[in-house]
Amino acid sequence: MSTTPRTPVMEEQPLALRTPRDGEHESGAREVAGTQPHGPRRILVLGATSGIAEACIRLWANRGDALYLVARNEDKLAVVAADARTRGASHVGSAVANLDDTNAHPEVLAHAINSLGGLDVAFLALGVLGEQPDAEKNFAAADQILHTNFVAPVSLLTWLANYTAQRRAGTLAVLSSVAGERGRKSNYVYGSSKAGLTAFVDGLRNRIDREGVKVMTIKPGPVKTAMTEGMKGSGKFADVEAVAASLVKAIDRGDDVVYVPGIWRVIMAVIRAIPERVFKKMNL
Amino acid sequence: MPSSAELDFNAPQPTEAGDKPAGPPAFESWGRYPEYHAELKQLHWQGDYPRAIDGVHHGALAVGMGRSYGDVCLLKDGTLVQTTSMNRLLDFDPATGLLTAEAGITLAQILDFAVPRGYFLPVTPGTKYVTLGGAIANDIHGKNHHHAGTFGRHVTQFELVRSNGERMHCSPSSNPDYYGATIGGMGLTGVMTWAQVRLKPIVSRMVDYQGIQFHGIDEFLDLTRQAENIEYTVSWVDVTSTGKNFCRGIFMQGDHSQVPAPLKVSGKPKLTFPMELPGFALNGATVGAFNSVFFNKQMKKRVSALQDYEPFFYPLDAVLKWNRMYGKGGLLQFQYAIPWEHAREGTIAILQAVAKSGLASFLAVLKAFGDVPSPGMMSFPKPGITLALDFPIKPEKSFALFDRLAEMTNEFGGRLYPAKDARMTSAQFQAFYPQWEKFARYKDPALTSGFWERVVGGQLGVRGVGK
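The rules behind the values
Residues numbered from 1 in each chain as written. Chains lettered and ligands numbered in written order. Predicted model: local features only at pLDDT ≥ 70, side-chain atom pairs only at ≥ 80, totals over all residues. Helix = DSSP H or I, 4+ residues; strand = E, 2+ residues; numbered from the N terminus. Rg over C-alpha atoms; globule rule 2.2 N^0.38 Å. Buried ≥ 20, exposed ≤ 12 C-beta atoms within 10 Å, placed from the backbone. Contact = placed C-beta atoms within 7 Å. pLDDT = per-residue confidence, 0-100. Expected span 1.5 Å × (residues − 1). Bend = angle between axes of the 7 residues up to and from the residue. Pairing = 2+ DSSP bridges. Axes fitted to C-alpha atoms, helices over the stretch in contact; angles between N-to-C directions.

### Regarding the overall build of chain B
Check the secondary structure of chain B and you find 12 helices and 20 strands. Relative to the 2.2 N^0.38 estimate, which gives 23 Å for 467 residues, the radius of gyration of chain B is 22 Å and therefore close to what a compact globule would have. With the C-alpha coordinates of chain B rotated into their principal frame, the extents come out at 65 × 55 × 50 Å. Counting every position in chain B, which comprises 467 residues, the buried fraction comes to 51%. Sequence-distant contacts in chain B: of pairs separated by 6 or more residues, those separated by 24 or more amount to 75%.

What follows is the structure in structure tokens.
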């Protein structure tokens, strides 16, 4: 681990939205964009070009929330940010960063919180599916999946947990996966990275829920996005807009554990209940 | 196929080996005819093209929602790159109404954004489920053609990506030849990544609507003249009736209401046509009955109402997948534009031929095109009368009728609309669009379509070009 948890040093800024800095664009958030109970929220999205994250960003932008978007590909980030601005986000800041580099996390996060003038929600959507066959043959490929899906979020969450717990406010919404609930031959490396993440997030909730921070474990079933394109059965995967609509509501409420679509709570209960002597012979 | 990374526990295990296409094609046009299998790839980001067609040897074509009826959006055994995931808004100027968006955005998505901000599409077809790129590529028209011209006329600029990776900025002043060739260019000049369109201001969702019954083409022409200053006009015409009811119909006209009213976002449609009807369900008797009910539903000669824009512009969008009504065989559309010189006689002759054939069509739409020119080189509309019909496909009967109607259109100096065609011959196309050879110079060598192969293919050896 390259980052040590440390106390954030940036100054908390007033809740009111700032005027844009140079190079930042403030679009006129209009009443028409929709309303929500809390007034504009300050939302940090890590992994902002992932399909699920982008669909949520559109909904947040439509209702005029303040956004800070972090992703690794500059061209993709630019159009996601442009879309959010055009829809009426009250503030859109962004940073190109490879979040695999845990050393850079404190600076990225501090910069984001400065730009937003505080933090109401951090949405962690970074992750890769990886190639299971590669990961079986080659530890470097497995290591890459574990690093992006588990180690990097742990680094981000360690910092964010301390920041939010100190202020006794905030929501940490973490995208895990139903794949983390039971390892199976077709994707156990990805699954184990998400299993680790789920355990970490569940434990973190147990630690800081009492400090007034909502920590959310989000477990999507298969969703139609660029990540799952070309997969067998992908035509039947959940629609990303519907998933995002559920997630945005769940994040407003700060639910503990969220399955999207909700049916996956039942499906996974069944999958977990299969005796191992049977499960180990199944082709899943 | 990364099936190893499969997440769906319930996915069926692979049953058949080999690469013979099985089941329905991955992508269908709205007419569901012809049935061409092709590889379907998604473009998620502007940078995905042309990388997505690396190594493709059998031609490629960008597609959107598949709402054109025939084969302009199909390519047998080729590669289709679908743009609908590339649907981001990029910029909007609330002062001028200039909207810039990625080409895969649908007109429905544009309306959801624009209407609450007091803007509407400058031109809209009868469905909002088409992409911005598709609207440009087919240079679509709407009920306000006599005022606003085609969609392309309101497109201020776009980016066109060629298969060699060249990214061209196109506008009336920048690469104007490619700008003109791409508007109405059926997707053959390259792939549009984004486009800018000028929206028009509205103060209400409502439309001041009037429906007026007419009997015969001359009453239709009179109403058309009287409605010159009304922005939207279109007529439904009963093509099954003969004798004194021949060419009866309802002339529908409207203007955006000038009385300010709440500009809410539309709800989502809740109805989906549940199944394919059997082929015999739509026949002369059922369609004739429908037409009588539709005509007489309007009891009075003239009806006025304040109507929401959804039922006014998009009555059929309320039922998703309504094309299933035509059964497994699918449907054929036929739409001509005949110039004023022969518009009256041509329309009468064609309506008579349709009525005599006994082949049913209950979505028959009649309209006068205006004389606003399009920047599109291959644009379909021209001043005169346009008539759109659709028929369930009954190969022997409907094809023979179609071929006859196409020939009549040619004789009357008219032309057919590629976006609604699956039948016109190579000779007819080249007579309808004599500028096609000039257009072919701007075509991208890697791109082609079922339509292009059918009407030109052999002559240019399209799939071989560029190799």
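### Description of the confidence of the model for chain B
Residue and element names in this part refer to chain B. Summarising the model, chain B shows a mean pLDDT of 89, and 93% of its residues fall at 70 or more. Overall, residues 462–467 carries pLDDT values under 50, and its contacts beyond four positions in sequence, including any with other chains, amount to 12 contacts. Interface scoring of the predicted complex returns ipTM 0.88; its pTM is 0.89.

### Quick word on helix α8 (residues 340–357) of chain B
Residue and element names in this part refer to chain B. The end-to-end C-alpha distance of α8, which contains 18 residues, comes to 25 Å, matching closely the 26 Å that a straight helix rising 1.5 Å per residue would cover. By the largest-angle criterion, glycine 346 marks the main kink of α8, which is about 30°. For α8, the elements touching its buried residues are α5 (217–226), β17 (331–339), β19 (384–392) and α9 (395–411). Where α8 ends, the next residue or the one after it, glycine 358, has phi of about 75°, a positive value.

### Overview of the sheet that holds strand β15 (residues 302–308) of chain B
All names here are of chain B. Pairing is antiparallel in the open sheet, where 8 strands are placed in the order β15-β11-β13-β12-β18-β19-β17-β20. The open sheet has two free edges, formed respectively by β15 and β20 (415–416), since each of these has just one partner strand. Inspection of the sheet shows strand β18 (residues 365–369) paired to β19 by 5 bridges, in the antiparallel sense. By the bridge assignment for β19, valine 365 is matched with alanine 388. Running over the sheet, α5 touches β11 (206–215), β12 (232–237), β13 (248–256) and β18 and is turned about 150° from β11. Relative to β17, α9 is tilted by about 15°, and along the sheet it contacts β17, β19 and β20.

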